[in-house]
Each structure stands twice: as C-alpha cells, then as structure tokens.
Amino acid sequence: MEREYILRLLHAQANINGHIIGAAVGSGMTAKFAVMGGADFLLALSAGKYRIMGRSSYAGYLCYGNSNRTAMELGTRELLPIIQKVPVLFGLFASDPEVHLYEYLKGIKENGFSGIVNYPTISLVDGQFREALEEDGNTYQKEVEAIRLAHYLDLFTVAFVTNGEEAGQMVEAGADVICAHLGLTKGGFLGAKRSISIQEAKKMTDSIFAVCTKKNPDVLRMVYAGPANTPIDMQYIYQNTSCQGYIGGSTFERIPTERAIYNTTKAFKSYGSLDENDPMVKLINGNWNAGDYTEFIKKYIEEHYMKEIQLSDLAVVVHVTPSYLSTKFKKEMGISFTEYLVTYRINKAKEVLKGSKVSCKEAAAAVGYSDYAQFSKMFKKYTGVTPYSFQKSSSESGNLR
C-alpha cells in the first residue's frame, strides 16, 4: 500500500469514527481476526511472536533471537500472504549491527511491508543499562534516522515515543503517526504487574501531543497500551486528551487468548458447568477479583453513572473499608474516586447536550445530578462554561456545518 493512500484512509477513519486502531500481532490467525474486527493497520513485532510463545513482550529485548529476523519471518510467512487490504508495518530494531539501515529499509519495502515502526525501542530502557547501550552506539537517534530514511523511501511510519523531546525528533524526521508508548500492557496472567495510572498516562500523552500539534498538526496521535487495556480506559483517554487512536498487542491477542483457552478447556473438564463464583473464572472473564477493585469501580460507574453512586456502598460490596478502597483507587488511577466520577458524568453530559435538544436540567438528571445548581457549578468548573452556554455554542457550530 502506498503511503499517501494509507494516510488518506487513516485520516478519513479518524474523522468519521473519531479514532483509528493498530494491532501488534504475533500470528496469522490473530492478524486475520484483528482485521475482521476493524484494525486499520497491523504491526509485525518480535514481541508479538514471543507473546504467542507464552513469554513476556520484554523477551524482544533479550538475546533469545534476532529481532529483525523474527519480525521479517513473521511478516513474510504469516501476515503478508493473507492480509491484502490492510497495511502491515515492520517492527524495526534500528540498532541491529548486522544491517545497513538504508539497504535494509529498501528490502523491507520490496518484501511488501507498507511501513515501519521503531520496535524494540531504546526509549523503554533507562538507568545504567541505557547509558551502557548508548555508549556502545545503540541510541534512540538511530531510530529517528530509521524513520527519516523510511520517510524518504515513501514508507508509512509509526514512531513510538515516551516524552516530548522524542516526539519532536520523530515529527521532524517525518513520522506519520506519533504513538505515546505507555509501557507494557497490564492485565491477564502474563501482563505487567506494575504500570502507571490512567491519570499519569493522560499527563504523559498531553505533553507529547502538545509537541506534535505545535510542530505538525497533521501528524496522527495515538497511544500504546500500558494501563489502557479496556474500552473504558480508552474512553477516558479520548475524552480527556487529543488522542486519535490506540495500538494494542496483548489487548487484542494475549488477554483474549488466555480467557478463551482457559474457559474452553475448563468447560470440557467440568462438563460445561463452570462455577461463576470461582475467583479465577471472574479474573479470566474480565470481572473483578479480590485485588481488582479499581476495574470493578470503573465498570460500575460506566453502567450506573446516571444513578446515585456512593463509594461506601461499593466498599460494602467488595468487603473492604471505604478509606482502603479510596486510597487504592487513587493510587492506581492518579485521581480520586469523586474526581473520576464527576469527570465521567460531565463528559457524558457534554454528549447529551451536544446530541439532542433536551433541557439543561434534563441533561443533569440524565447523568445523575438531581440538584441542577450543583450540576451547573461542576459543569462550569470542569469545562469553563455553563451548561446553557455549552449547548448553545454546540448548536451554533452544528448549524454552521
């Protein structure tokens, strides 16, 4: 696929659907069903192959094999032969001492890949090991140069970045997509045990996307996984940042596979009578467990935001004290339960006020506020304008269109 054609498609998808989706896959089967599900492009990464092997994505950083050869074999043998209408990107380890970047990039294009992404990326390495790598010539600057050369060869390019400085370098190199890499995906059996909060992820993406907007407003802005592994998480990111898309690996491959294989095998073993109260079944089905209170709260808010919600009631349900539940939620999310709930309700109210002719009082009731004065006060605090002014402005802009 030609770069210009890909960009037209992705910008159109972003304008129509509000966002685009990239899937980092480790097998032809995953690729096939990710495309059927609506993925706009695929990434052939060595991390994907290691996931299929039951290993962590970090295996791509160790001496288990040559990352570029793994990505090339995955792409040419499993993905490109069966994926015809969606771009497939090559996960390029730019510091590979065995390749000449420019010649290797030409080979990537000749083999049928539509573009590249800088992975494994040095940006995820820090500390003394990062210093040692850079002393040996393994620098992020090599990844920037790879994106620059790929752009010169008219390949579509996605750049993983972790801060504003890296984003600026990649935009100047000609990257078509800047993706804020939020770390390895949490969740499931093999997921990262430590991750930043959604609020920290928001702050990180804000700083990165501010650079993108300043240097090139047309560059597409996406995030990669980390703490965002559910549609609810991404709804929060979309509503509170200028993010235009999501790239997932484990989200689309490892976690669903864990659940499906576990459930199917256990169903046969137990003659189809699963104990839904089994904590492990709840975990694998995506429901809350003894340590997953935050996911339970987010899910409850999503389904019941229009009703009265008290943290103390939720604490009773999960058999912990309100103070413990409040502290745990804030630690994982970066914001308090109350602030998360108010933000969620105000965002829902904006949708109601934009999309219908309901009164402001009706909008308040629709998102759980029986006291309109309180609703108006909170709406103005979080948006800077009154509900009436917001609705009027939205109506006028709609008429202009």
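These notes cover the structure that comes with them. Remember, it's a predicted structure, so these values are computed and weren't measured experimentally.

Points about the overall build of the chain
The helix and strand tally for the chain stands at 19 helices and 8 strands. Across the 401 residues in the chain, those meeting the buried criterion constitute 50%. Surface exposure of the chain reaches about 19700 Å², of which carbon and sulfur atoms provide 53%.

A closer look at the packing of helix α5 (residues 101-110) against helix α7 (residues 140-152)
Two elements in contact, α5 and α7, have axes whose closest approach is 10 Å; the angle formed by their N-to-C orientations is 50°. What the angle tells us is that α5 and α7 run oblique. In the crossing of α5 with α7, the sense of the turn from one axis to the other is right-handed. Between α5 and α7, the residues in contact are L101, Y102 and L105 and K142, A146, L149, A150 and Y152, respectively.

Let's talk about the nonpolar core
By size, the foremost hydrophobic cluster in this structure holds 114 residues, and its most contacted members are L42, I116 and I178. Apart from the residues within four sequence positions on either side, I178 is in contact with A159, V161, A167, M170, V171, I208, F209, C212, V219, L220, R221 and M222.

Remarks on the sheet that holds strand β1 (residues 20-25)
The 8 strands lie next to each other as β1-β2-β3-β4-β5-β6-β7-β8, forming a closed barrel whose pairing is parallel. The mean angle between the axes of side-by-side strands here comes to 25°, regardless of whether they run parallel or antiparallel. In this structure, strand β4 (residues 115-118) lies alongside strand β5 (residues 156-161), joined through 3 bridges in parallel fashion. Bridge assignment links V117 to a residue of β5, and that residue is V158. Against the sheet, helix α4 (residues 67-79) makes contact with β1, β2 (41-44) and β3 (88-92), and its axis sits at roughly 165° relative to β3, the strand it touches most. Here α5 sits on the sheet in contact with β3 and β4, set at roughly 155° to β3.

Examining unusual backbone geometry
In this structure, the amide linkage connecting Y119 to the following residue, P120, adopts the cis form with an omega of 0°. Residue position: P120 is located in the loop between β4 and α6 (127-135). For D154, which is not glycine, the phi dihedral falls at a positive 65°. Among the secondary structure elements, D154 is positioned in the loop between α7 and β5.

What to know about the layout of surface pockets
Once rolled over the atoms, a probe with the size of a water molecule shows which space is left empty. Approximately 450 Å³ is the volume attributed to the second largest pocket. In terms of lining residues, the second largest pocket is bounded by 19 residues, among which G60, Y61, L62, C63 and F93 are the most central. Within the lining of the second largest pocket, the residues separate by chemical class into 11 nonpolar, 6 polar and 2 charged.

Some details on a nonpolar patch on the surface
Nonpolar side chains collect at one region of the surface, where M1, Y5 and L9 lie side by side and expose about 260 Å² of accessible area between them. Summarising the element assignment, M1 is placed in the segment before α1 (3-17).

What to know about helix α2 (residues 28-36)
Within α2, burial applies to G28, T30, A31 and A34. Buried positions in α2, seen along its axis, are confined to an arc of 160° and lie on one side of it. Of the residues in α2, the exposed ones pointing more than 90 degrees away from the buried face are M29, F33 and M36. Where α2 is buried, its residues touch β1, β2, α3 (46-52) and α4.

A short note on the pattern of salt bridges
For the structure shown, the criterion picks out 18 salt bridges. Residues R3 and D176 are paired through a salt bridge, measuring 2.8 Å at the closest nitrogen-oxygen approach. Of this pair, R3 sits in helix α1 while D176 is found in the loop between α8 (164-173) and β6 (177-181), placing the two residues 173 residues apart along the sequence. Exposure remark for R3: the relative accessible area of 17% places this residue in the buried category. Each of R3, D154 and D176 takes part in salt bridges that share partners, so that together they form one network.

With respect to the pairing of β4
By the alternation rule, side chains of β4 split into G115 and V117 and I116 and N118, which are all buried. Sheet topology places β3 next to β4; 4 bridges connect them, and they run parallel. Bridging from a neighbouring strand, G91 pairs with V117 of β4.

Here we look at helix α13 (residues 293-304)
A rise of 1.5 Å per residue sets the reference length of α13, with its 12 residues, at 16 Å; its end C-alpha atoms lie 16 Å apart and thus fit the reference within 8%. Within α13, the full set of buried residues consists of Y293, T294, E295, F296, I297, K298 and I301.

Rules of the game
- Residues numbered from 1 in each chain as written.
- Predicted model: local features only at pLDDT ≥ 70, side-chain atom pairs only at ≥ 80, totals over all residues.
- Heavy atoms only, no water.
- Helix = DSSP H or I, 4+ residues; strand = E, 2+ residues; numbered from the N terminus.
- Buried < 20%, exposed > 50% of the residue type's maximum accessible area, 1.4 Å probe, protein only.
- Areas by Shrake-Rupley, 256 points an atom, 1.4 Å probe, with all protein chains shown as cover.
- Axes fitted to C-alpha atoms, helices over the stretch in contact; angles between N-to-C directions.
- Parallel < 35°, antiparallel > 145°, perpendicular 65-115°, else oblique.
- Left-handed = near helix turned anticlockwise from the far one by under 90°.
- Contact = heavy atoms within 4.5 Å.
- Core = buried A, V, L, I, M, F, W, Y, C linked by side-chain atoms within 4.5 Å.
- Pairing = 2+ DSSP bridges.
- 1 Å grid on protein atoms, 1.4 Å probe; cavity = no way out; pocket = protein on both sides within 12 Å on 5 of 7 lines; lining within 4 Å.
- Points joined across faces, edges and corners; volume = space filled by probe spheres on them.
- Nonpolar A, V, L, I, M, F, W, Y, C, P; charged D, E, K, R; others polar.
- Patch = residues over 30% accessible without salt bridge, like charges linked within 9 Å, V, L, I, M, F, W, Y side chains within 5 Å.
- Salt bridge = Lys/Arg side-chain N within 4 Å of Asp/Glu carboxyl O.
- Arc of directions from axis to C-beta.
- Expected span 1.5 Å × (residues − 1).

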